[in-house]
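Topology and contacts: notes
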Amino acid sequence: MSFGDHLEVLRKMLFRVLVVVTSCATAVFCFKDETFAVLLAPRNTDFITFRAIERILHLFGSTFRFESYNIQLISTELSSQFLTHLESSFIIGAVVSSPFIIYQLYRFISPALYDNERRYSVGICLTSYFLFMLGVVMNYFILFPIAFRFLATYQVDAAVVSTITISSYISTFATLSLSMGLVFELPVLSFILAKLDVLSASFMKQYRRHALVLIMVVAAFITPPDIFTLCLLTIPLYLLYEVSIVIVSKVHGK
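Residues numbered from 1 in each chain as written. Predicted model: local features only at pLDDT ≥ 70, side-chain atom pairs only at ≥ 80, totals over all residues. Heavy atoms only, no water.

1. A few points about the overall build of the chain
The secondary structure content of the chain amounts to 11 helices and 2 strands. The helix and strand sequence of the chain, counted from the amino end, reads α-α-α-β-α-α-α-β-α-α-α-α-α. Overall, the C-alpha framework of the chain stretches about 65 × 50 × 30 Å when taken along its three principal axes. Going through the 254 residues of the chain one by one, you find that 33% of them count as buried. Nonlocal contacts in the chain, meaning residues at least 24 apart in sequence, comprise 79% of its contacts between residues at least 6 apart. Of the roughly 15,800 Å² of accessible surface on the chain, a fraction of 70% belongs to carbon and sulfur atoms. Computed over 18 positive and 16 negative side-chain charges, the inter-centroid distance for the chain is 10 Å. (Helix = DSSP H or I, 4+ residues; strand = E, 2+ residues; numbered from the N terminus. Buried < 20%, exposed > 50% of the residue type's maximum accessible area, 1.4 Å probe, protein only. Contact = heavy atoms within 4.5 Å. Areas by Shrake-Rupley, 256 points an atom, 1.4 Å probe, with all protein chains shown as cover. Lys, Arg positive; Asp, Glu negative; His and termini not counted. Charge placed at Lys NZ, Arg CZ, Asp CG, Glu CD.)

2. Thoughts on the side chain of Ser97
Mapping Ser97 onto the fold places it in the loop between α4 (80-96) and α5 (98-109). Residue class for Ser97 comes out buried when judged on its relative accessible area of 2%. A polar contact is formed between the side chain of Ser97 and the backbone oxygen of Gly93, at a distance of 2.7 Å. The residues contacting Ser97, other than those within four sequence positions of it, are Val20, Val21 and Cys24. (Polar contact = N/O pair within 3.5 Å; in protein donor to acceptor, adjacent residues only side chain to side chain.)

3. Here we look at the pattern of salt bridges
Once the charged atoms of two side chains with opposite charge are near each other, the side chains can pair. Tallied over the full model, the rule gives 5 salt bridges. Note that Lys32 and Asp33 form a salt bridge whose closest N and O atoms lie 3.4 Å from each other. Here Arg51 ties to Glu54 by a salt bridge, and the two come within 2.6 Å at their closest N and O atoms. With Arg51 and Glu54 both in helix α3 (residues 48-59) and 3 residues apart, this pair spans about one turn of that helix. Three or more residues are tied together by salt bridges with common partners; here these are Arg51, Glu54 and Arg65. (Salt bridge = Lys/Arg side-chain N within 4 Å of Asp/Glu carboxyl O.)

4. Considering helix α2 (residues 32-39)
An α-helical turn contains 3.6 residues, so any two residues separated by three or four positions project in the same direction. Turning to α2, its buried residues are Thr35, Phe36 and Leu39. Along α2, the residues classed as buried sweep out an arc of 85° about the axis, all on the same side. (Arc of directions from axis to C-beta.)

5. Let's talk about the packing of helix α10 (residues 208-222) against helix α11 (residues 227-251)
The geometry of a pair of packed helices is captured by two quantities: the angle between their axes and the separation between those axes. Interaxial distance between α10 and α11 falls to 9 Å at its minimum, and their mutual angle equals 140°. On the basis of their axis angle, the class for α10 and α11 is oblique. Helix-helix and strand crossings are classified by hand; for α10 and α11 the assignment is right-handed. Of α11, the residues touching α10 (which contributes Arg208, Ala211, Leu212, Ile215, Met216, Ala219, Ala220 and Ile222) are Leu230, Leu233, Thr234, Leu237, Tyr238, Tyr241, Glu242 and Ile245. Here the contact of α10 with α11 is composed, by residue class, of 13 nonpolar, 1 polar and 2 charged. (Axes fitted to C-alpha atoms, helices over the stretch in contact; angles between N-to-C directions. Parallel < 35°, antiparallel > 145°, perpendicular 65-115°, else oblique. Left-handed = near helix turned anticlockwise from the far one by under 90°. Nonpolar A, V, L, I, M, F, W, Y, C, P; charged D, E, K, R; others polar.)

6. Some remarks on the nonpolar core
Formed by 41 residues in total, the largest nonpolar core has its most connected members in Phe148, Phe184 and Leu237. Of all the secondary-structure elements, those providing two or more residues to this core are α2, α6 (115-153), α7 (166-183), α8 (186-195), α9 (201-206), α10 and α11. The dominant element in this core, judged by the number of residues it contributes, is α6, at 8 residues. If sequence neighbours within four positions are ignored, Phe184 has contacts with Leu131, Leu134, Gly135, Met138, Pro236, Leu237 and Leu240. (Core = buried A, V, L, I, M, F, W, Y, C linked by side-chain atoms within 4.5 Å.)

7. Structural notes on the side chain of Ser244
Relative to the helices and strands, Ser244 is located in helix α11. With relative accessibility at 0%, the residue Ser244 sits in the buried group. Here the side chain of Ser244 touches Leu240 through a polar contact of 2.8 Å, landing on its backbone oxygen. With residues near it in sequence (within four places) discarded, Ser244 still touches Leu186, Pro187, Ser190 and Met204.

8. Regarding unusual backbone geometry
We note that Asp197 has phi near 60°; this positive angle belongs to a residue other than glycine. Topologically, Asp197 is positioned in the loop between α8 and α9.

9. What about the environment of Glu242?
Here Glu242 lies in helix α11. In this structure the side chain of Glu242 is engaged in a polar contact, spanning 2.7 Å, whose partner is the side chain of Tyr238.

10. As for α3
Under the 1.5 Å per step criterion, the end-to-end length of α3 is 17 Å for 12 residues, consistent within 8% with the ideal 16 Å. If you check which residues of α3 are buried, you get Thr49, Phe50, Arg51 and Glu54. (Expected span 1.5 Å × (residues − 1).)

Spelled out as structure tokens, the structure:
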């Protein structure tokens, strides 16, 4: 095809993606109560993660229970709630329609790939999507609720009461979800670099300690400023680094 034909195919592909994302976002927008029941659940004192931790500790004979707390979310601008609702709908709409987006991108790129590249690309797309969603799920159930509980209930003095805006809550939640999804792509990135002969297992093993420090720096940049959430993110990221070593070893047949 000519350059103009490629642009026409790209235009049609982007139009289909826009229609699907907008349709999903509209559907999400119409289910406001259900949407925000899910988005705001991690702030609750009886969120499933806290109850699960308590049950696990009770199995070992502990009587530990999380203290109840009540953090009010507020809106400080006239249009804040509507804009937050609109923004959240489009973000969730994009996430829901992401399999279709990936499929359309693959259809656009695949004609330019060789047979062996096409075979690898399918696996890479599926694995990337799974790891990204795994990062988002981990943020929703573990990282964000624990970080919110710690930071929202932290007080320098009893006279200082925390009130958090809804836009700040959604913005932090979306940023952490995106960050977690991206950093969970480490095994895929390692596989691609190994295929390009840029990365080797021996190099990764030699610089394990340096990698741990770098992972902690990245985790500190992503997470809120407290040591507990830093450790929560550092552990799975380092495990992904070890998994990446195994993947790179298999790529090079070692």
